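# Breakdown of the fold
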Amino acid sequence: MAPEMKWGPDGLVAAVAQDEATGRVLMLAWMNAEALERTLETGYAHYYSRSRQSLWKKGETSGHLQRVLDVRLDCDRDAVLLRIAQEGGVACHTGRESCFFQDVEGADREPLVDPETVLGRLGATIEARRGADPSESWTARLLHRGVGKIGEKVREEAGELVDALEGEGDAQVVHEAADLVYHVMVGLTARGLSWRDVAAELAGRFGLSGITEKESRPPKG
């Protein structure tokens, strides 16, 4: 049963889909009570088409399904936020990752890049390499070898970063730091953890509230 909402005169509320891995807003659509109920029951995003006057499941024909990991209601209960895993990496009917790719003058713009987006994308990519051929993917090879070998690489990369900090230019320091972060994230993935678990720990140290990926719970169903 759908939660109590402040439905508009047309029986709809706005629904925003946000990529759970990167935090990027992917699209805005509309929901009626049935669409919200189906979303909560199935764990996949359902919306209501105002032009077709009918319920639709996102990705049912394109294959770009949206697996819903969390549902939030705004304070007035007249809008819904869906934290989703976008299958196929495409949310927009134009074939783009996000529907929000134009500026106010109508020009195409590249997605904004921020640290959270980069780390989220990197984490998702590493996780996706679990099933890849180790002979074709360095990440898959590391995951296949296990935490012992990954730990050796972390120690190696940490040492190279220390050397760079002591005697190299800024560009080399950044390069070595990136190598270390990547290998640390591979190690976290091998343990079934993610950068969000680390972010939650840091948030706790600063007295901020947070939730780890492991504590997140998908909707019923």
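This structure is a prediction, so every number in the text was calculated from the model and none was measured. (Residues numbered from 1 in each chain as written. Predicted model: local features only at pLDDT ≥ 70, side-chain atom pairs only at ≥ 80, totals over all residues. Heavy atoms only, no water.)

Before going further, it helps to spend a moment on the layout of surface pockets. Approximately 450 Å³ is the volume found for the second largest pocket. W56, K58, A91, C92 and H93 are the residues nearest the centre of the second largest pocket, which is lined by 18 residues in total. Elements with a minimum of two residues in the lining of the second largest pocket: β2 (25–31) and β4 (54–57). (1 Å grid on protein atoms, 1.4 Å probe; cavity = no way out; pocket = protein on both sides within 12 Å on 5 of 7 lines; lining within 4 Å. Points joined across faces, edges and corners; volume = space filled by probe spheres on them. Helix = DSSP H or I, 4+ residues; strand = E, 2+ residues; numbered from the N terminus.)

Quick look at the pattern of salt bridges now. The tally for this structure, following the rule as stated, stands at 13 salt bridges. Between R24 and E97 there is a salt bridge whose closest N-O contact spans 2.7 Å. Of this pair, R24 sits in the loop between β1 (13–19) and β2 while E97 sits in the loop between β6 (79–86) and α2 (115–128), and the two are 73 residues apart along the sequence. Given a relative accessible area of 15%, R24 falls into the buried group. Overlapping salt bridges bring together E20, D70, R72, R83 and R196 as one network. (Salt bridge = Lys/Arg side-chain N within 4 Å of Asp/Glu carboxyl O. Buried < 20%, exposed > 50% of the residue type's maximum accessible area, 1.4 Å probe, protein only.)

Before going further, it helps to spend a moment on helix α3 (residues 138–145). Where α3 is concerned, the buried positions are T139, A140, L142 and L143. One face of α3 carries all of its buried residues, which in axial projection span an arc of 160 degrees. The N-cap residue of α3 is S137: its side-chain oxygen and the backbone nitrogen of T139 are 3.4 Å apart. Downstream of α3 by a residue or two, G146 has a phi angle that is positive, lying close to 100 degrees. (Arc of directions from axis to C-beta. Polar contact = N/O pair within 3.5 Å; in protein donor to acceptor, adjacent residues only side chain to side chain.)

When pLDDT is low, close inspection of the predicted coordinates is not appropriate. Scored by pLDDT, the chain comes out at a mean of 89, with 91% of its residues at no less than 70. Put simply, α2 is where the chain has its lowest mean pLDDT, 83, and strand β3 (residues 46–49) is where it has its highest, 98. Low confidence marks residues 212–221, where pLDDT is under 50. Its contacts with residues over four positions away, or in another chain, come to 27 contacts. (pLDDT = per-residue confidence, 0-100. Contact = heavy atoms within 4.5 Å.)

Burial analysis of β1 places five of its seven residues in the buried class, which makes it a mostly covered element. As defined by bridge partners, β1 adjoins β2 across six bridges and the pair is classed as antiparallel. Residue pairing in the sheet places A14 in a bridge with W30 of β2. Between β1 and β2, which pair antiparallel one after the other, the connecting turn spans five residues, and G23 there sits at a positive phi close to 80 degrees. (Pairing = 2+ DSSP bridges.)

To summarise the sheet geometry, strands pair through backbone hydrogen bonds and adopt either a parallel or an antiparallel arrangement. The sheet built from four strands is open, its strands ordered β2-β1-β6-β5 with mixed pairing. Here the strands that pair on one side only, and so sit at the sheet edges, are β2 and β5 (66–73). Between one strand axis and the next, the sheet turns through 30 degrees on average, direction left out of account. Bridge count between β5 and β6: seven bridges; the pairing is antiparallel. Within β6, the position partnered with V68 by the bridge is I84. Each of β2, β5 and β6 is contacted by helix α1 (residues 33–42), which is oriented at about 125 degrees to β2, the strand it contacts most. (Axes fitted to C-alpha atoms, helices over the stretch in contact; angles between N-to-C directions.)

Spanning 21 residues, helix α4 (residues 147–167) covers 30 Å between terminal C-alpha atoms, matching the ideal 30 Å at 1.5 Å per step. Buried positions along α4 lie against α3 and α5 (170–190). (Expected span 1.5 Å × (residues − 1).)

Judged by side-chain polarity, V198, L202, F206 and L208 come together as a nonpolar surface patch covering roughly 430 Å² of accessible area. The residue L208 is located in the segment after α6 (195–205) in this model. (Patch = residues over 30% accessible without salt bridge, like charges linked within 9 Å, V, L, I, M, F, W, Y side chains within 5 Å. Areas by Shrake-Rupley, 256 points an atom, 1.4 Å probe, with all protein chains shown as cover.)

The next thing to look at is the packing of aromatic side chains. Under the defined criterion, the tally for this structure stands at one aromatic pair. A cation over a ring is seen here: K57 above Y44, with NZ or CZ 5.1 Å from the ring centre. The cationic tip of R96 hangs over the ring face of F101; the distance from NZ or CZ to the ring centre is 3.8 Å. (Phe/Tyr/Trp six-rings, centres within 6.5 Å; stacked < 30°, edge-to-face > 60°. Lys NZ or Arg CZ within 6 Å of the ring centre and 35° of its normal.)

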